[in-house]
Amino acid sequence: MAKPLSNFATENAHADLSVLEGGVAIITGSASGIGYSLAEESIKHGLNTVIADIEASAIDVAVAKLAHLAESNSVEVIGHRTDVSLEEDVQKLRDVVATHFADKPISLLACNAGVGAGGGVLTAREIDWNFVMGVNLFGVVHCLRTFVPSMLEQEAPGAVMATSSQDGLCAAQGVYGVSKHACVALMEALHGEVANRLSVHVLCPNVVATNIITSERNRPERLGGNPTAYQQNKDKIKNPVAERFLSMGMPPSRCATMSFDAIQSGVFYILAEAEEDPGYIYLEAETRMNAILNGTRPYRPRSEFISSVFNVGSRRK
């Protein structure tokens, strides 16, 4: 349900993406999934790319896989382990970028790291709230506070984006939904503050073929996680929902392509809908806004596709 672009959209755009070439793309959660595809797309657009992720071994694999593409595009790709829920980790990432790319502007900051966890708002423990909000909200906050001021000072073209979710636009469910609404609100606030000096965007995808369902594998011990035990038992634990996400979700590359299209067109809310579920995110947002304006209760319209992924009373064959 495409709408004509407003003046706001064109003012939030880099119509010629070549203005970003030669700069640096910092992408969190980029050793796999949407983040990896954003890194790949960044390299194709001539950006030196930083793979920032909490999984050290996955970083090494991602950098090795992207090395040839980077060489063919005359840019560099480097990796650095970062727990975005810790501001000191993000500051260390800033220092690495400043040292390695001392003479290059930051052209893209993609706050993509996220976790799918938490449970219900009444049943979640404080450490569950801290885990989910620590990554999905404060991980973005830490990156914005650390990198955006210097992006403004460098007076070079730049874009800032964050990965939220369709759950950030519809009637929220659980701790995860709360965190994603907060992420959308944060990026809306950022847009108001940077006043078109940088383009700002928020990615709100439907079901994507990523490992977000198994986010517990990266849960820090300080927040109740046991990464060692998870790795030892991962092959023994079957997670049908995680498997359906990977087999039925849209390719992460679709999200990456839509993100760069939005940077070029100026679209702020990137509704990355699954091809199997056209118009659903738009319907979710419209339903929520109608409830607000008409004084009715929060409601999330049914999606046969999403029901089939979560296997909730699905009639899908």
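Provided above is the structure to which this section pertains.
Keep in mind that what you see is a predicted model, and the values were worked out from it rather than measured. (Residues numbered from 1 in each chain as written. Predicted model: local features only at pLDDT ≥ 70, side-chain atom pairs only at ≥ 80, totals over all residues. Heavy atoms only, no water.)

Participant: Could you give an account of the nonpolar core, naming the residues involved and the relevant values?
Facilitator: Ile51, Leu66 and Leu108 are the most contacted members of the largest nonpolar core, which totals 43 residues. Per element, the largest residue contribution to this core is 7 residues, and it comes from helix α3 (residues 56-72). With residues up to four places along the chain from it excluded, the contact list for Leu66 reads Tyr36, Ala39, Glu40, Ile43, Ile51 and Val77. Residues Val90, Leu144, Val148 and Cys204 belong to the second largest nonpolar core, which totals 42 residues. (Core = buried A, V, L, I, M, F, W, Y, C linked by side-chain atoms within 4.5 Å. Buried < 20%, exposed > 50% of the residue type's maximum accessible area, 1.4 Å probe, protein only. Helix = DSSP H or I, 4+ residues; strand = E, 2+ residues; numbered from the N terminus. Contact = heavy atoms within 4.5 Å.)

Participant: Describe the packing of aromatic side chains, listing the residues and the values that go with them.
Facilitator: For the coordinates displayed, the defined rule picks out 2 aromatic pairs. Look at Phe245 and Phe310: their rings are 5.6 Å apart centre to centre, the planes differ by 85°, and that puts the pair in the edge-to-face class. With Phe245 in helix α9 (residues 240-248) and Phe310 in helix α12 (residues 304-310), this pair connects stretches of sequence that are 65 residues apart. On the basis of relative accessibility, which here comes to 37%, the residue Phe310 falls in the partly exposed class. On the basis of an interplanar angle of 85° and a centroid distance of 4.6 Å, the ring pair of Phe268 and Tyr269 is categorised as edge-to-face. In this structure, Lys65 is placed above the aromatic ring of Tyr36, and the distance from its NZ or CZ to the ring centre is 4.7 Å. (Phe/Tyr/Trp six-rings, centres within 6.5 Å; stacked < 30°, edge-to-face > 60°. Lys NZ or Arg CZ within 6 Å of the ring centre and 35° of its normal.)

Participant: If you had to explain the sheet that holds strand β4 (residues 106-111) to someone new, which residues and values would you point to?
Facilitator: In space, the 7 strands of this open sheet follow the order β3-β2-β1-β4-β5-β6-β7, with parallel pairing throughout. At either margin of the open sheet sits one strand with a lone partner, and together these are β3 (77-81) and β7 (269-272). Put simply, the sheet's adjacent strands are angled 15° from each other on average, direction ignored. Bridge count between β4 and strand β5 (residues 159-163): 4 bridges; the pairing is parallel. Looking at β5, one finds that Cys111 is bridged to Ala162. Where α3 meets the sheet, it contacts β2 (48-53) and β3, and its direction lies at approximately 170° from that of β3. Packed onto the sheet, helix α6 (residues 138-153) meets β1 (24-28), β4 and β5 and runs at close to 170° relative to β4. (Pairing = 2+ DSSP bridges. Axes fitted to C-alpha atoms, helices over the stretch in contact; angles between N-to-C directions.)

Participant: If you had to explain the state of the cysteines to someone new, which residues and values would you point to?
Facilitator: Per the counting criterion, the structure on display carries 0 disulfides. Not part of a disulfide, Cys111 finds its nearest cysteine sulfur in Cys143, a span of 4.4 Å. By relative accessible area, which is 2% here, Cys111 ends up buried. Here Cys183 is not cross-linked by a disulfide; its sulfur's nearest cysteine counterpart is in Cys204, at 7.7 Å. (Disulfide = S-S within 2.5 Å.)

Participant: Requested: an account of α3, with residues and values cited.
Facilitator: The terminal C-alpha atoms of α3 lie 25 Å apart, and with 17 residues this matches the ideal 24 Å at 1.5 Å per residue to within 8%. Maximum bend of α3: about 40°, positioned at Leu66. Along α3, the residues that are buried comprise Ala58, Ile59, Ala62, Val63, Leu66, Leu69 and Ala70. Structurally, α3 contributes buried residues whose contacts are with α2 (33-44), β2 and β3. Residue Ser74 follows α3 closely and has a positive phi angle near 60°. (Expected span 1.5 Å × (residues − 1). Bend = angle between axes of the 7 residues up to and from the residue.)

Participant: Which residues make up the pattern of salt bridges, and what values do they have?
Facilitator: Tallied over the entire structure, the rule returns 10 salt bridges. In this structure, Arg217 and Glu55 form a salt bridge, with 3.2 Å as the shortest nitrogen-oxygen distance. In this pair, Arg217 sits in the loop between β6 (199-205) and α8 (227-233) while Glu55 sits in the loop between β2 and α3, placing the two residues 162 residues apart along the sequence. Among the ionic pairs, Arg94 bridges to Asp95, the shortest N-O distance being 3.4 Å. By relative accessible area, which is 41% here, Asp95 ends up partly exposed. Each of Arg125, Asp128, Glu216 and Arg219 takes part in a single network of salt bridges with overlapping partners. (Salt bridge = Lys/Arg side-chain N within 4 Å of Asp/Glu carboxyl O.)

Participant: Break down the packing of α2 against α3 for me, citing the residues and quoting the values.
Facilitator: As a packed pair, α2 and α3 sit with axes 10 Å apart at the nearest point and diverge in direction by 20°. With respect to α3, the axis of α2 lies roughly parallel. α2 and α3 meet at a crossing whose hand is right-handed. Of the residues in α3, those touching α2 at Tyr36, Ala39, Glu40, Ile43 and Lys44 are Ala62, Lys65, Leu66, Leu69 and Ala70. (Parallel < 35°, antiparallel > 145°, perpendicular 65-115°, else oblique. Left-handed = near helix turned anticlockwise from the far one by under 90°.)

Participant: Requested: an account of α2, with residues and values cited.
Facilitator: Helix length check: α2, at 12 residues, gives a terminal C-alpha distance of 17 Å against a target of 16 Å (1.5 Å per residue), a fit within 8%. Within α2, 9 of the 12 residues are buried, leaving the element largely enclosed by the surrounding structure. Residues Ile34, Gly35, Tyr36, Ser37, Leu38, Ala39, Glu41, Ser42 and Ile43 constitute the buried set of α2. Where α2 ends, the next residue or the one after it, Gly46, has phi of about 80°, a positive value.

Participant: Report on a nonpolar patch on the surface, specifying residues and quantitative values.
Facilitator: Together, Val121, Leu122 and Val178 make up a nonpolar patch on the protein surface, roughly 300 Å² of accessible area in all. A residue is classified by how much of its surface remains accessible, and Val178, at 32% relative accessible area, is partly exposed. (Patch = residues over 30% accessible without salt bridge, like charges linked within 9 Å, V, L, I, M, F, W, Y side chains within 5 Å. Areas by Shrake-Rupley, 256 points an atom, 1.4 Å probe, with all protein chains shown as cover.)

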